[in-house]
Amino acid sequence: MYLLEVRELTKHFGGIRALDQVSFKVREGSITSIIGPNGAGKTTLFNCLTGLTKPTGGMILLSDAGIGGMAPHAIVSLGVARTFQNIRLFRDMTVLENVLVSQHQRMRSGLFKIVSKHKDFLAEEENARCRGLEYLGLVGLECSADIPSFNLPYGDQRRLEIARALATEPALLLLDEPTAGMNPQESGEIMEIIRKLQALGKTVILIEHDMKVVMGISETIVVLDHGVKIAEGTPEMIKSDPLVIEAYLGRGIFA
Amino acid sequence: MKNEESKVTGGNRTHKDENSSLDTRHSLLRSLFIALWLSILFLPFKGLLPSLILFVVLSLTMTSLVFLRGYARTLIGKGGLAIERIRSKKVFRPSSLVTRSLLLIILLAVPFLLRDYLLDVAILSGIYIILALGLNVVVGFTGLLNLGFVAFYAVGAYTYALLNVKLGLGFWEALPLSLALTTLSGFILAIPALRLRGDYLAIVTLGFGEIVRLILNNWDSLTGGPNGIPGIASPHTFGLSMETLSRYYYVTLGAVLLTYVVVSRVRSSRIGRAWIAIREDEIGASSMGISTMRYKLYSFAFGSFWAGLAGILFAAKMRFVSPESFTFMESVLILCMVILGGLGSIGGVIMGSVVLVVLPEVLREVQSYRMIALGAGLILIMIFRPQGLFSGRKISKRFG
């Protein structure tokens, strides 16, 4: 059963082909990695999937329904959430408030219930707080709930990004370089979190440069180079794929 | 383990003792310096003795403020584990019932304590508090720089004036109509303006403010042009005229309290969080499921609603409106109140508006020099407390 299907996705920025007819499928409950050299179009792919940029052509199907070109918030409501390579936390909000924001769509209270402190509103807030703390617990941040998020150490900010995306209750979670700038121990902890997400039934796609992480947890790897998909397969297949080696290391003169 | 880490990174609320005492000494020195500076500014105008008195008063109030802040901090620090405090919900209600009711009693007693002149200043403060709280929603919460806020103030005031003078509607009948029209005007401006961002948005709002003022100034047959509209009625409640200052004070107080309650409740709801998320990171907010366009629109309309309320109160108090009251400088003044008090902080914005209404009155003695003193004061505050006088919030570079 496939959760996401990308068909001939194309994105041009002027004359530059950031993505050129990229197609792949993602099985429900799986972990897929997208790898490729710098400028391969990985983040552009994520931006297309989450609605931040409109694709030039091709289709994005989420459970067989097209989501290409929809607004970001509409895509979130269909169950796709993401983290960012350059952290985009709400800096002046506390850690808990950050995960409250992403529960926005599930909260229903209108202006009048809020102003009158209607019991539905209070119950909803209480519920959101409890859930928020659960999500924070999942990434090990429940004790920092009260701290302004800009005061978190770097690694914890990355964890908070994951918790925040998780709080939108997505079926598909897109992680853009979740272990960037982390030491091996921290990367290991992030891998544990990703496995936990899988155990919760989430489908995960991650962009990653750390090959230890990529080879360790992915079931499928998609390799992009200059906007073109050059390989797709299991970690073993990718490791020995000549095209991939060429993309990363270049072609030998006598090859 | 996690707790240790958060202390090391210096979370505001988990300061270690030696750290905060150093902090206190720093703020004390700083406030003494500010007091000294302001007193020296005062010297040429008032002579030695008043300057000395000003110095003593200023340094005393500022040092006590510093200590109060330290006290509040230790109180927060005593709350135990973060997670417990959140569960008990006390974090969201820092002021107790006792302080609140005391404050309310004092506010209710004001007309019996103050002379008419001071009562007039109090009413004016009230109107500006409503305006500043409204603008704070747009600029402070949502981070949209609005330089034409006075336009909505004008729309509210003129709508009430016209409904009252031309159609003979009373205050309470005209109120919902005027508020609806002001909110609508907020929407109308927001729809084209919100395609723009940052500086461009500021310029468009500035233009809107000027357009409204020019229309009021030139549409002689409707608005009376520069002569304005005289003879606006005061509100009547239960057959009582609210014309006297002390009665009108209560009308204003009611409106201020309503504004405060509604704005602070909305602030701590999903709507307020959506606004702040947009301010902090628009792309992040939209990727967390917030329709940024819609919530910016709400923010504009919600902010203009309060400007409309302030406008109606202003028209009913002055019983006369003219375009002169709605110049660009007025927008700047309201923006100063918001920034002075602390962008986004409700309590701070209230204090900021009171300070900026009361200070010029206090400085009236030094006549034309008062604007110099006021300007110098504002510059000092921006240097020493860029996050605003009363806000605990750290301002990120964007507003710094």
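These figures come from a predicted structure and were not determined experimentally.

Draft legend 1. Representation of the overall build of chain A. Looking only at helices and strands, chain A features 10 helices and 10 strands. Whereas a compact globule of 255 residues would reach a radius of gyration of roughly 18 Å, chain A reaches 19 Å, a difference of no more than 12%. With the C-alpha coordinates of chain A rotated into their principal frame, the extents come out at 75 × 40 × 35 Å. Counting every position in chain A, which comprises 255 residues, the buried fraction comes to 47%. Across chain A, the fraction of contacts at a sequence separation of at least 24, relative to all contacts at a separation of at least 6, is 66%.

Draft legend 2. Fine view of the overall build of chain B. Summing up its helical and strand segments, chain B has 17 helices and 4 strands in all. The buried share among the 400 residues of chain B stands at 40%. Considering only residue pairs separated by 6 or more positions, chain B has 73% of its internal contacts joining residues 24 or more positions apart.

Draft legend 3. Structural context of the sheet that holds strand β1 (residues 2-13) of chain A. All names here are of chain A. Strand order in this open sheet of 4 strands is β2-β1-β4-β5, and the pairing throughout is antiparallel. On the outer flanks of this sheet lie β2 (16-27) and β5 (65-66), each paired with one strand and no other. In this structure, β1 lies alongside β2, joined through 8 bridges in antiparallel fashion. Residue pairing in the sheet places His12 in a bridge with Arg17 of β2. Along the sheet, helix α1 (residues 42-49) contacts β1, β2 and β4 (57-62); its crossing angle with β2, the most-contacted strand, is approximately 65°.

Draft legend 4. Main features of the environment of Gly137 of chain A. Structurally, the position occupied by Gly137 of chain A is in helix α5 (residues 119-139). Between the C-alpha atom of Gly137 of chain A and that of Thr168 of chain A, which follows or precedes it by 31 residues, the distance is 15 Å.

Draft legend 5. Spotlight on the confidence of the model for chain A. Mean pLDDT over chain A: 91, with 98% of residues reaching 70 or higher. Within chain A, no element has a lower average pLDDT than helix α10 (residues 242-249) of chain A, which sits at 83, and none a higher one than strand β8 (residues 203-207) of chain A, at 95.

Draft legend 6. Quick look at the domain arrangement of chain A. Residues and elements named next belong to chain A. Here the domain parsing of chain A yields domain 1 (28-54 + 65-79 + 171-255) and domain 2 (90-169). Computed over C-alpha atoms only, the centres of domain 1 and domain 2 are separated by 27 Å. If you look at the interface, domain 1 gives 10 residues, while domain 2 gives 10 residues. At the level of elements, α2 (72-77), β7 (172-176) and α7 (184-199) are the ones that each hand at least two residues to the side of domain 1 that touches domain 2.

Draft legend 7. Focus on helix α16 (residues 346-362) of chain B. Residue and element names in this part refer to chain B. With 17 residues, α16 ought to run about 24 Å at 1.5 Å a step, and its terminal C-alpha atoms sit 24 Å apart, in line with that. Among all positions in α16, only Ile346, Gly348, Val349, Ile350, Met351, Gly352, Ser353, Val354, Val355, Leu356 and Val357 are buried. Lining the buried residues of α16 we find α6 (116-141), α11 (245-267) and α15 (328-341).

Draft legend 8. Region of interest: unusual backbone geometry. Residues and elements named next belong to chain A. Although it is not a glycine, Glu8 sits at a positive phi angle of roughly 45°. Residue placement: Glu8 occurs in strand β1. Residue Gln21 is not a glycine yet carries a positive backbone phi of 50°. Here Gln21 is to be found in strand β2. With 14 C-beta atoms packed within 10 Å, Gln21 lands in the partly exposed category.

Draft legend 9. Seen up close, the pairing of strand β9 (residues 220-225) of chain A. Residues and elements named next belong to chain A. Most of β9 is tucked away, with 5 of its 6 residues classed as buried. As paired strands, strand β3 (residues 31-35) and β9 are joined by 4 bridges and run parallel to one another. What sits directly across from Thr32, in β9, is Thr220. Sheet topology places β9 next to strand β10 (residues 228-233); 5 bridges connect them, and they run antiparallel. Bridge pairing links Ile221 to Gly233 in β10. Linkage of β9 to β10, two consecutive antiparallel strands, is achieved through a turn of 2 residues, within which His226 is found at a positive phi near 50°.

Draft legend 10. Spotlight on the environment of Val150 of chain B. Assignment of secondary structure puts Val150 of chain B in helix α7 (residues 150-167). Each C-alpha atom of the pair Val150 of chain B and Ser325 of chain B lies 9.1 Å from the other, and the pair is 175 residues apart in sequence.

Draft legend 11. Geometry of the packing of helix α12 (residues 270-280) of chain B against helix α14 (residues 292-318) of chain B. Residues and elements named next belong to chain B. For the pair α12 and α14, the least separation of the axes is 10 Å and the interaxial angle reads 110°. One finds that α12 runs roughly perpendicular with respect to α14. Packed against α12, whose contacting residues are Ile271, Ala274, Trp275 and Ile278, the element α14 presents Thr292, Tyr295, Lys296, Tyr298 and Ser299 at the interface. Residue composition of the contact of α12 with α14, grouped by class: 6 nonpolar, 2 polar and 1 charged.

Draft legend 12. Region of the structure containing α12 of chain B. Summarising burial for α12 of chain B: 11 of the 11 residues are buried, a large majority. Of the surrounding secondary structure, the elements contacted by the buried residues of α12 of chain B are α3 (95-101) and α4 (111-115) of chain A together with α6, α11, α13 (282-287) and α14 of chain B.

Draft legend 13. Inspection of the sheet that holds β9 of chain A at higher detail. All names here are of chain A. With mixed pairing, 6 strands are arranged side by side in an open sheet as β6-β7-β8-β3-β9-β10. Pairing within the sheet leaves two strands with one partner each, and these edge strands are β6 (80-82) and β10. The sheet shows a mean angle of 20° between the axes of neighbouring strands, direction not considered. Where β7 and β8 come together, 5 bridges link them in parallel fashion.

Draft legend 14. Region of the structure containing the packing of α15 of chain B against α16 of chain B. Residues and elements named next belong to chain B. Between α15 and α16, whose axes approach to 7 Å, the crossing angle comes to 125°. Classified by the angle their axes make, α15 and α16 are oblique. Here the hand of the crossing between α15 and α16 comes out right-handed. Between α15, through Leu333, Cys336, Met337, Val338, Leu340 and Gly341, and α16, the contact on the second element is made entirely by Gly348, Val349, Ile350, Met351, Gly352, Ser353, Val355 and Leu356. Within the contact of α15 with α16, the residues separate by chemical class into 10 nonpolar, 4 polar and no charged.

Draft legend 15. Focus on the environment of Glu28 of chain A. All names here are of chain A. For Glu28, the location among the structural elements is in the loop between β2 and β3. For the pair formed by Glu28 and Thr203, sequence separation is 175 residues and the distance between their alpha carbons is 5.7 Å. Leave out the neighbours within four places in its chain, and Glu28 touches Met1, Tyr2, Leu3 and Thr203.

Draft legend 16. Summary view of the pairing of β3 of chain A. Residue and element names in this part refer to chain A. The buried fraction of β3 is high, at 5 of 5 residues. Where burial is concerned, the two faces of β3 agree: the one with Ile31, Ser33 and Ile35 and the one with Thr32 and Ile34 are both buried. The sheet contact formed by β3 and β8 spans 4 bridges and is parallel. Note that in β8 the partner of Thr32 across the bridge is Ile205.

Reading the values: rules and limits
Every residue gets a number counted from 1 within its own chain, in the order that chain's sequence is written. All chains are assigned letters beginning at A, and all ligands numbers beginning at 1, according to the order in which they are written. Residue-level local features of this predicted model are given only where pLDDT is at least 70; pairs of side-chain atoms are given and counted only at 80 or more, and the full residue set underlies all totals for whole chains, interfaces and linings. Segments assigned H or I by DSSP are reported as helices when at least four residues long, segments assigned E as strands when at least two residues long, and all are numbered from the N terminus. For a compact globule the rule gives 2.2 Å times the number of residues to the power 0.38, and the radius of gyration it is set against comes from C-alpha atoms. Working definition of burial: number of other C-beta atoms within 10 Å of the residue's own, with buried at 20 or more, exposed at 12 or fewer, and partly exposed in between, all C-beta atoms being placed from the backbone. In this description, a residue-residue contact is defined by the distance between C-beta atoms placed from the backbone, which must lie within 7 Å. A strand pair is defined by DSSP finding two or more bridges across the two strands. Axes here mean lines fitted to C-alpha atoms, for a helix over just the part in contact, with angles spanning 0 to 180 degrees between N-to-C directions. pLDDT expresses, on a scale from 0 to 100, how confident the predictor is about each individual residue. Those domain boundaries reflect an automatic or database domain assignment. In this analysis, the expected span of each helix is defined as 1.5 Å times one less than the number of residues it contains. When describing relative orientation, an angle under 35 degrees is termed roughly parallel and one over 145 degrees roughly antiparallel, while 65 to 115 degrees is termed roughly perpendicular and anything else oblique. Under the scheme applied here, ten amino acids are nonpolar (Ala, Val, Leu, Ile, Met, Phe, Trp, Tyr, Cys and Pro), four are charged (Asp, Glu, Lys and Arg), and all others, including Gly, are polar. Each crossing gets its hand from how the near helix is turned against the far one by less than a right angle, where anticlockwise is left-handed and clockwise is right-handed.

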